[in-house]
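Topology and contacts: notes
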Amino acid sequence: MIEVRGLNRWFGTVHAVSSLDLDVARGEILGFLGPNGAGKSTTVKMLTGMLQPSSGTARVAGFDVVSEPLEVKRRIGYVPESGAVYDNLTAAEYLDLVASLHHLDPARTRVRADELLQLFGLRDEAHRRIAEYSKGMRQKVLLSAALLHNPEVLFLDEALAGLDANAALIVKELLRSLAAQGKTIFFCSHILEVVERICSRIIIINKGATIIEGSAADICARTGTATLEQAFSQLTGVRDVASVTRDFLAALENS
């Protein structure tokens, strides 16, 4: 469902994504990880047609992201890292707008929108302006909008940010169910425990290039670590967390 070959993106002299290759199968939940500035969000923006690649090719749901961007966008749902919504609209109005952009049947869409708002506990808040919503409530609206047209591929960039524990549990169970139905999930998150629990395969990138891929168990075995967090820290060049903490506390005591 996602095929990437030699994907590159330059910002001036900065090589944000470097000769990236990847394949994601139908029904797979792929964890796409990397430290800040590794190129994760840039990759997602290229795959969703929001950013033009400098070179290389990418196909999503069988369509080229450069030459057939509208066909790609018809088949994907996307929750960006910093999602903007129209504050003066209510949640119900915002979902109506998204449905119109996808040319969905209004009557059927209202039923589905109501189901999504109920799922995320927003049904009673559906006619309040989004300006009055908390960060977590806004995130639920974005998730609802991404799912509204029943996409074949779902791109989630820090989609759990701001959600309370109950909403996060719902999203995790929903992702498993969608994958079981054959939907493809491209999941970016800094919450490595969640990635380890729900992703069937993980790719870790650093400085725009893939450094390792496999299941969480495979990655831990290859790095000789007990958890994905430890493997991530080792692979991305971050010092041991305990060592960093000790150094900080020692400096604090001596200051």
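Here, every reference points to the structure presented above.
Report on the accompanying structure. Please read all numbers here as calculations on a predicted model, not as lab measurements.

As for the overall build of the protein chain
Secondary structure assignment for the protein chain yields 10 helices and 10 strands. On C-alpha atoms alone, the protein chain measures out to a radius of gyration of 19 Å, which is about the 18 Å that the 2.2 N^0.38 rule sets for 255 residues. Expressed as lengths along the three principal axes of its C-alpha atoms, the size of the protein chain is roughly 60 × 45 × 40 Å. For the protein chain, the residues scored as buried account for 47% of the 255 residues in total. A fraction of 66% describes how many contacts in the protein chain between residues 6 or more apart in sequence connect residues 24 or more apart. Side-chain charges of the protein chain comprise 27 positive and 30 negative groups, with the mean position of each set lying 2 Å from the other.

Here's the deal with the packing of helix α3 (residues 91-101) against helix α5 (residues 135-147)
Here α3 crosses α5 at 30°, and the two axes come no closer than 10 Å. On the basis of the axis angle, α3 is roughly parallel to α5. Judged by the twist between their axes, the crossing of α3 over α5 is right-handed. Contact with α3, carried on its side by Ala91, Tyr94, Leu95 and Val98, involves Val141, Leu142, Ser144 and Ala145 of α5 and no other residues of that element. Partitioned by chemical class, the residues of the contact of α3 with α5 number seven nonpolar, one polar and no charged.

A word on the pairing of strand β1 (residues 2-11)
Pairing between β1 and strand β2 (residues 14-24): seven bridges, direction antiparallel. In the sheet register, Arg9 faces β2, and the bridge partner there is Val17.

Some points on α3
Within α3 the residues assigned to the buried category are Ala91, Ala92, Tyr94, Leu95, Val98 and Ala99. Buried positions in α3, seen along its axis, are confined to an arc of 160° and lie on one side of it. Along its buried surface, α3 packs onto α4 (106-119) and α5. His103 sits one or two positions beyond α3 and adopts a positive phi of about 55°.

Re the state of the cysteines
By the definition in use, this model includes zero disulfides. Cys188 takes part in no disulfide bond, and the closest cysteine sulfur to it belongs to Cys199, at a distance of 9.5 Å. Exposure remark for Cys199: the relative accessible area of 9% places this residue in the buried category.

Comments concerning the sheet that holds strand β8 (residues 184-188)
Paired through backbone hydrogen bonds, the strands of a sheet run either parallel or antiparallel to each other. Overall, mixed pairing links the six strands, which are arranged β6-β7-β8-β3-β9-β10 in an open sheet. On the outer flanks of this sheet lie β6 (76-79) and β10 (209-214), each paired with one strand and no other. Taking each pair of neighbouring strands and ignoring which way they run, the sheet shows an average axis angle of 15°. Running over the sheet, α5 touches β6 and β7 (153-157) and is turned about 170° from β6. Across the sheet, helix α9 (residues 228-235) touches β3 (29-33), β9 (201-206) and β10, and the angle it forms with β9 is around 25°.

A closer look at the sheet that holds strand β4 (residues 55-60)
Strand order in the open sheet formed by four strands is β2-β1-β4-β5, and the pairing between neighbours is antiparallel. Each edge of the sheet is formed by a strand with only one pairing partner; in this case those strands are β2 and β5 (63-64).

A look at helix α6 (residues 165-180)
Helix length check: α6, at 16 residues, gives a terminal C-alpha distance of 23 Å against a target of 22 Å (1.5 Å per residue), a fit within 8%. If you check which residues of α6 are buried, you get Ala167, Ala168, Val171, Lys172, Leu175, Leu178 and Ala179. Considered in projection along α6, the buried side chains sweep an arc of 140° and stay on one side of the axis. Across α6 from its buried face, at more than 90 degrees, point the exposed residues Ala165, Asn166, Leu169 and Ala180. Buried-residue contacts for α6 involve β3, α5, β7, β8 and α7 (192-198). Between the side-chain oxygen of the N-cap and the backbone nitrogen of Asn166 there are 3.1 Å, and the N-cap of α6 in question is Asp164.

Observations concerning the packing of aromatic side chains
Here the structure, examined in full by the defined rule, presents three aromatic pairs. Taken together, a centroid distance of 6.5 Å and an interplanar angle of 50° make the contact between Tyr86 and Tyr94 tilted. Residue Tyr86 is classed as exposed on the basis of its relative accessible area of 53%. Residue class for Tyr94 comes out buried when judged on its relative accessible area of 10%. For the pair Phe155 and Phe186, a centre-to-centre distance of 5.4 Å together with 50° between the ring planes defines the contact as tilted. Of this pair, Phe155 sits in strand β7 while Phe186 sits in strand β8, and the two are 31 residues apart along the sequence. Here the two residues Phe155 and Phe186 agree in accessibility, since each one is buried. Taken together through their ring pairs, the aromatic side chains of Phe32, Phe155 and Phe186 make up a single cluster. The ring of Phe11 has Arg9 sitting right over it, with the charged end atom 4.6 Å from the ring centre.

Procedures and definitions
Residues numbered from 1 in each chain as written. Predicted model: local features only at pLDDT ≥ 70, side-chain atom pairs only at ≥ 80, totals over all residues. Heavy atoms only, no water. Helix = DSSP H or I, 4+ residues; strand = E, 2+ residues; numbered from the N terminus. Rg over C-alpha atoms; globule rule 2.2 N^0.38 Å. Buried < 20%, exposed > 50% of the residue type's maximum accessible area, 1.4 Å probe, protein only. Contact = heavy atoms within 4.5 Å. Lys, Arg positive; Asp, Glu negative; His and termini not counted. Charge placed at Lys NZ, Arg CZ, Asp CG, Glu CD. Axes fitted to C-alpha atoms, helices over the stretch in contact; angles between N-to-C directions. Parallel < 35°, antiparallel > 145°, perpendicular 65-115°, else oblique. Left-handed = near helix turned anticlockwise from the far one by under 90°. Nonpolar A, V, L, I, M, F, W, Y, C, P; charged D, E, K, R; others polar. Pairing = 2+ DSSP bridges. Arc of directions from axis to C-beta. Disulfide = S-S within 2.5 Å. Expected span 1.5 Å × (residues − 1). Polar contact = N/O pair within 3.5 Å; in protein donor to acceptor, adjacent residues only side chain to side chain. Phe/Tyr/Trp six-rings, centres within 6.5 Å; stacked < 30°, edge-to-face > 60°. Lys NZ or Arg CZ within 6 Å of the ring centre and 35° of its normal.

Distances and angles like these do not, on their own, reveal function.
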